[in-house]
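Now for the letters of each chain:
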Amino acid sequence: YTAEKYQSWDSTGENEGFQPNGNLIYHAIQSGIIPYVKSNDEVQTGNGLLWRLNYSLMDRYLLTAAIRRDGFSAFGQNNPFATFPSVAAAWRISEEKFMDKIEWLDNLKVRVSYGETGNRSIGRYAAFSRLTVTNAIQGGENYKALYPSSLANRDLKWETTTGLNLGLEFGVLNNRITGSLDLYKNKTTDLLMDRAMPSISGYGSIAANLGQINNKGLEATLTTLNVNIPNKVTWNTSFMYSTNRNEIKHLYGNMVDVLDEEGNVIGQREDDDVQNGWYIGHAIDDIYDYKYIGIWQMGEELEANKYGKKPGDPKLLDVNNDGVINQDDKVWLGSKIPLHRLSISSNLNLFKCI
């Protein structure tokens with residue numbers, strides 16, 4: 001069982017233009033002519049309960065099951081708690097008798113896991129309506145007043161990721177070469193995001209739970225022990241490769257009509273969030289924008305003039321060739337993050353110190 005509490009408070013007093021003498025400063029801070037005071041008080045609490053069962057049979061068959069129950073004060077009043085179960089199993093194949101004849105194989109293990117994890121990375125008061133002090137004039141008098149500077153979301157809850165992982169670990173040649181391979185597929189629901197609000201609301205955004213995003217990928221590691229002279233020289237090299245692809249499956253559930261070329265309704269689809277750049281069926285980091293194809297050149301004045309451009313201006317792709325560059329001419333250009341990642345590290349240790 002875990003319990004936590006964070007609390008911070010501070011008060012600040014400042015002033016300028018001390019009269020009748022600048023030597024007063026902190027000895028008589030009230031003697032200044034530009035007083036400034038502020039205070040801040042923040043608190044958050046959290047707790048968690050974990051139950052875990054570990055089982056091992058002949059050091060070959062391994063099983064782990066766990067359930068977490070977590071609470072966090074920063075979530076909406078209706079959903080401060082969430083439950084996250086998980087289960088994992090592994091099989092040490094190299095410990096089986098039928099593997100004894102394979103002398104070059106030192107370790108071979110397969111594993112599978114399935115479970116849920118939670119994310120609480122939000123502001124301490126993101127789910128609450130915060131009040132801000134302002135000046136107000138009523139009846140010719142100046143008063144201090146309060147106004148709500150942010151919107152509350154009583155239903156804000158934990159972001160949840162459900163994941164399936166398949167793994168393989170191996171070691172050969174007296175573990176001079178070791179490695180692992182992991183395949184995973186995750187589904188994240190109720191993502192914690194700041195949802196943009198229409199300007200007419202008077203607010204820029206509200207903390208909300210965003211539909212669903214799927215992730216799938218692969219991670220591979222290979223480590224070689226190149227030199228191993230005890231207490232003198234140890235040198236190993238690691239190669240790490242990973243690839244990941246995410247896809248937005250759902251957003252807010254708002255449905256819009258699908259029209260054909262003649263404007264007839266032929267179906268419905270879930271609406272995208274164009275303001276935030278989120279499109280269903282695409283990754284969060286995909287780039288949807290105009291395609292830059294060059295610069296208008298001398299001799300292309302007539303063609304450039306159709307788009308209100310002149311030689312030297314950027315030339316954008318007119319996808320439908322209608323002579324107008326607008327939203328219909330945006331295309332998918334790629335991703336802000338690489339699809340593949342490869343890294344290499346090498347460690348050299350000389351002369352063990354005692």
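Rules behind the numbers
- Residues numbered from 1 in each chain as written.
- Predicted model: local features only at pLDDT ≥ 70, side-chain atom pairs only at ≥ 80, totals over all residues.
- Heavy atoms only, no water.
- Helix = DSSP H or I, 4+ residues; strand = E, 2+ residues; numbered from the N terminus.
- Buried < 20%, exposed > 50% of the residue type's maximum accessible area, 1.4 Å probe, protein only.
- Areas by Shrake-Rupley, 256 points an atom, 1.4 Å probe, with all protein chains shown as cover.
- Salt bridge = Lys/Arg side-chain N within 4 Å of Asp/Glu carboxyl O.
- Core = buried A, V, L, I, M, F, W, Y, C linked by side-chain atoms within 4.5 Å.
- Phe/Tyr/Trp six-rings, centres within 6.5 Å; stacked < 30°, edge-to-face > 60°.
- Lys NZ or Arg CZ within 6 Å of the ring centre and 35° of its normal.
- Pairing = 2+ DSSP bridges.
- Axes fitted to C-alpha atoms, helices over the stretch in contact; angles between N-to-C directions.
- Contact = heavy atoms within 4.5 Å.

Colleague: Explain the overall build of the chain to me, please; I cannot follow it from the model alone.
Modeller: Looking only at helices and strands, one finds 1 helix and 18 strands in the chain. Overall, the chain is about 95 × 75 × 50 Å in size when its C-alpha atoms are taken along their principal axes. When the 354 residues of the chain are sorted by exposure, 24% land in the buried category. Only carbon and sulfur atoms are counted for the fraction: they give 54% of the accessible area of the chain, which is about 23900 Å².

Colleague: I keep staring at the pattern of salt bridges and nothing clicks. Help me out?
Modeller: If the charged atoms of two oppositely charged side chains come close together, the side chains can form a pair. Tallied over the full model, the rule gives 14 salt bridges. Between Arg68 and Asp70 there is a salt bridge whose closest N-O contact spans 2.8 Å. Residue Arg68 is classed as partly exposed on the basis of its relative accessible area of 34%. Looking at Asp70, the relative accessible area reads 11%, which means it is buried. Between Glu247 and Lys249 there is a salt bridge, with its nearest N and O atoms 3.8 Å apart. Residue class for Glu247 comes out partly exposed when judged on its relative accessible area of 31%. Bridged by salt links that share partners, the residues Arg111, Glu169 and Asp182 form one connected network.

Colleague: Would you take a moment to explain the nonpolar core for this structure?
Modeller: As a rule of thumb, nonpolar side chains are buried together in soluble globular proteins. Of all hydrophobic cores here, the largest spans 12 residues; its members are Phe72, Ala74, Phe75, Ala82, Phe84, Ile122, Ala126, Ala127, Leu156, Trp158, Leu192 and Ala207. If you look at the next biggest cluster of nonpolar residues, it comprises 6 residues, including Leu191, Leu210, Leu251 and Trp278.

Colleague: Please clarify how the packing of aromatic side chains should be interpreted in this entry.
Modeller: Given two aromatic rings, their pairing is described by the distance between the two centres and the angle made by the two planes. Under the defined criterion, the tally for this structure stands at 8 aromatic pairs. When the ring of Phe84 is compared with that of Trp158, the centres are 5.6 Å apart and the planes differ by 70°; the resulting orientation is edge-to-face. Here Trp158 lies in the loop between strand E7 (141-148) and strand E8 (159-172) and Phe84 lies in strand E4 (residues 81-92), a separation of 74 residues in the sequence. Residues Phe84 and Trp158 agree in their burial class; the two are buried. Where Tyr125 meets Phe128, the ring centres are 6.4 Å apart and the plane angle is 70°; that geometry is what we call edge-to-face. The exposure class assigned to Tyr125 is partly exposed, which follows from its relative accessible area of 26%. Residue classification places Phe128 among the partly exposed positions, given a relative accessible area of 23%. A network of ring pairs unites the aromatic residues Phe72, Phe75, Phe84 and Trp158 as a single cluster. The cationic tip of Arg120 hangs over the ring face of Phe72; the distance from NZ or CZ to the ring centre is 4.1 Å. Its end group placed over the ring of Trp296, Lys315 keeps NZ or CZ at 4.5 Å from the ring centre.

Colleague: Just checking my understanding: could you explain the sheet that holds strand E1 (residues 2-14) for this structure?
Modeller: Sheet strands pair by backbone hydrogen bonding; their relative direction is either parallel or antiparallel. Spatial strand order, E1-E2-E3-E4-E5-E8-E9-E10-E11-E18: 10 strands in an open sheet with antiparallel pairing. Only two strands of the sheet have a single partner each, and these edge strands are E1 and strand E18 (340-350). Across the sheet, the mean angle separating the axes of adjacent strands is 15° when strand polarity is ignored.

Colleague: How should the environment of Ala152 be read in this particular structure?
Modeller: Structurally, Ala152 is set in the loop between E7 and E8. Note: C-alpha distance between Ala152 and Ile206 (54 residues apart in sequence) is 7.5 Å. In this structure Ala152 touches Ala127, Phe128, Ser129 and Ile206, once residues within four positions along its chain are discounted.

Colleague: Mind showing me how you'd approach the environment of Ala88 here?
Modeller: Within the secondary structure, Ala88 is located in strand E4. Sequence-wise, Ala88 and Leu62 are 26 residues apart; in three dimensions their C-alpha atoms are separated by 8.2 Å. Discounting residues that sit within four places of it in the chain, Ala88 has contacts with Leu62, Leu63, Thr64, Val112 and Ser113.

Colleague: Even after reading the chapter, I still don't get unusual backbone geometry, so can you show me in this structure?
Modeller: Note: most residues except glycine have negative phi, and most peptide bonds are trans. The peptide bond linking Gln19 to Pro20 adopts the cis configuration, its omega dihedral lying at 5°. Relative to the assigned elements, Pro20 resides in the loop between E1 and strand E2 (36-57). The backbone of Asn174 sits at a positive phi, close to 55°, despite the residue not being glycine. Even without glycine at this site, Asp190 takes up a positive phi of about 55°. Within the fold, Asp190 resides in strand E9 (residues 177-196). Classification of Asp190 by relative accessible area gives partly exposed; the value is 22%.

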